[in-house]
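# Commentary on secondary and tertiary structure
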Amino acid sequence: MYDFLRRLPKAELHLHIEGSLEPELMFQLAERNAITLPYTSVEEVKAAYEFDDLQSFLDLYYQGMAVLRTAEDFHDLAMDYFRRAHAEGVVHVEISFDPQAHLARGIELNVQMEGLGRARRRAERELGVSSALIMSFLRDRPAEEALHVLEQAAPYWETLDAVGLDSAEYGHPPSKFREVFARAKALGIPRVAHAGEEGPAAYISEALDLLEVCRIDHGVRCLEDPVLVERLRQERIPLTVCPLSNVRLKVVEHIDDHPLPKLLEAGLLLTINSDDPAYFGGGVLDNYLACARAFDWSRQTFIQMARNALNVAFMEEDRRRALLKDLESIPLED
Ligand code: ADE
Ligand code: ZN
């Protein structure tokens, strides 16, 4: 199964670039920028990655990204990720980034955009990995701040494939960001949102109704509302599911208890993604492999997951056609 899954042309639709910061690079960047880390070794960092819930992860995630200061840092972060993803058979990545987390540390938007932009062009040129860019708003910060960032991003509106919504979910319903997302819609920018990761199924409905998102990040708690499940199925709303993330953040106790088989049985449009690969135990391929081990899925099922991701990715149609053709040419037997 490993070789088969490795060979599948996989698109990663749910990836926080700050969550791809491996401890080794964290140390390198800390040294380069003369920042003292609260750790003395890579092993110590890894040992700290024991999470009780989303918030306990976010605390370390925001702390870790403080080593990112220059455009070169953002470039190196993204290239490091692109190289690993390429080695796993990833052909297209939708990179989410959290501009507010960097602006709050005095790192200007143009620094972030320049570094990420350079890495994206280089990955396309040197590795043949295409990418899209999703500017995510932090839902645990005021909506006015998100609106301000969206306006500040005016020189980059053309570069953005979507805006998103992430960070601590409880108590920060999608409705809080109605105006921000209406503005993005008026600008012609597509919208996605995390919903139903730790938060209730009602947040998924809100994201669809009030933010008019075209896909839901996570969405696993939809199963608590059968009417919503039927809606997601009928409207073919993609869910970007991240199984290893859900285990590490204790959304589910064990991978064997993950709702993916139930979501599949319900006829939903599913994709498999890594979320924050440096924190949750691996990239897209590791997530596919975890599913293979836990659910005993057929090769056809994995092909369907990879096909779904290619079908709903923010991608040029010619590239989509070519990648779908590559996917369909993968033999089902060894
Ligand atoms: N930011 C980075 N990873 C996240 C996750 N899994 N949920 C919400 N916000 C995030
Ligand atoms: Zn996420």
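Refer to the preceding data block for the structure.
Presented here is a report on the structure given in the accompanying data block. Along each chain, residues carry numbers from 1 onward, in the same order as the chain's sequence is written. As they are written, the chains are lettered A onward and the ligands numbered 1 onward, keeping that order. Residue-level local features of this predicted model are given only where pLDDT is at least 70; pairs of side-chain atoms are given and counted only at 80 or more, and the full residue set underlies all totals for whole chains, interfaces and linings. Where side-chain values are given, they derive from all heavy atoms of the structure, hydrogens and water being excluded.

### A few points about the pattern of salt bridges
Each salt bridge in this description consists of a side-chain nitrogen of Lys or Arg and a carboxyl oxygen of Asp or Glu lying within 4 Å of one another. Tallying each qualifying case throughout the model produces 19 salt bridges. A salt bridge links D80 to R84; the shortest N-O distance between them is 2.9 Å. Linking D80 with R84, this pair stays in helix α5 (residues 71–87), spanning 4 residues, or about one helical turn. Each residue is placed in one exposure class: buried if its accessible area under a 1.4 Å probe, protein chains only, is under 20% of its type's maximum, exposed if it is over 50%, and partly exposed if it falls in between. The class for D80 is partly exposed, based on a relative accessible area of 24%. Between E230 and R233 there is a salt bridge, with the nearest N and O atoms lying 2.7 Å from each other. Placement of the pair is E230 and R233 together in helix α11 (residues 226–234), with a separation of 3 residues, close to one helical turn. Judged by its relative accessible area of 33%, E230 falls in the partly exposed class. Members of the salt-bridge network, linked through shared partners, are R32, E72, D73 and D76. Secondary structure follows DSSP: runs of H or I at least 4 residues long count as helices, runs of E at least 2 residues long count as strands, and numbering of each begins at the N terminus.

### Regarding the sheet that holds strand β5 (residues 192–195)
For two strands to pair, DSSP has to find at least two bridges joining them. The strand order β5-β6-β7-β8 describes an open sheet built from 4 strands, whose pairing is parallel. The open sheet has two edge strands with one neighbour each: β5 and β8 (269–272). Each neighbouring strand pair of the sheet contributes to a mean axis angle of 30 degrees, computed without reference to strand direction. Sheet topology note: the strand β7 (residues 238–241)/β8 ladder contains 4 bridges and is parallel. Fitted lines through C-alpha atoms give the axes, limited to the stretch in contact for helices. The angle between two N-to-C directions lies from 0 to 180 degrees.

### Overview of empty space enclosed by the protein
Definitions used for this entry: grid spacing 1 Å over protein atoms alone; cavity, a set of points where a 1.4 Å probe fits but cannot get out; pocket, an open set with protein on both sides within 12 Å along at least 5 of 7 lines; lining residue, one with an atom within 4 Å of a point. Grid points are joined across faces, edges and corners, and a volume is the space filled by probe spheres set on the points. Enumeration over the complete set of coordinates arrives at 1 cavity of 30 Å³ or more. Considering only enclosed or pocket space, the largest cavity measures out at about 100 Å³ in volume. What lines the largest cavity is a set of 14 residues, and nearest its centre among them are H16, L54, F57, L58 and H194. With 5 residues, the single largest contributor to the lining of the largest cavity is helix α4 (residues 54–64).

### Thoughts on the site of ligand 1
Taken together, H16, L54, F57, L58, Y61, D166, S167, H194, E197, H218, D275 and D276 make up the full set of residues adjacent to ligand 1. Any pair of nitrogen or oxygen atoms within 3.5 Å is treated as a polar contact; in protein, a donor-acceptor pairing is required on top of that, and neighbouring residues in sequence qualify only through side-chain atoms on both sides. At 3.4 Å from a nitrogen atom of ligand 1 is found a side-chain nitrogen or oxygen belonging to H16. A distance of 2.7 Å separates a nitrogen atom of ligand 1 from a polar side-chain atom of D276. Considering ligand 1 on its own, with 260 Å² of exposed area, one finds that the protein chains cover 100% of that surface. Assignment to a cavity or pocket requires that more than half of a molecule's atoms be within 2 Å of the site's grid points. Assessed atom by atom at 2 Å from the grid points, ligand 1 resides in the largest cavity. We call a residue near a molecule or strand whenever a single non-hydrogen atom of that residue lies within 4 Å of it. For accessible areas, the Shrake-Rupley method is used with a probe of radius 1.4 Å. Any residue's cover is judged against the shown protein chains and nothing else.

### Quick notes on the coordination of the zinc ion (ligand 2)
Coordinating N, O and S atoms are those within 2.8 Å of the metal (3.2 Å for Na, K and Ca), and as water is not part of the atoms, a site may appear to have fewer donors than expected. Protein-derived ligands of the zinc ion (ligand 2) are H14 (NE2), H16 (NE2), H194 (NE2) and D275 (OD), with the metal-ligand distances lying across 2.0 to 2.2 Å. Note that the zinc ion (ligand 2) binds 4 donor atoms; their angles at the metal cover 81 to 170 degrees, and the shape is irregular. The sequence pattern formed by the donor residues of the zinc ion (ligand 2) is H-x1-H-x177-H-x80-D. Judged by its relative accessible area of 1%, H14 falls in the buried class. Any site counts as irregular unless it has four donors with all angles between 85 and 135 degrees, making it tetrahedral, or four or six donors with opposite ones more than 155 degrees apart and the rest between 65 and 115, making it square planar or octahedral.

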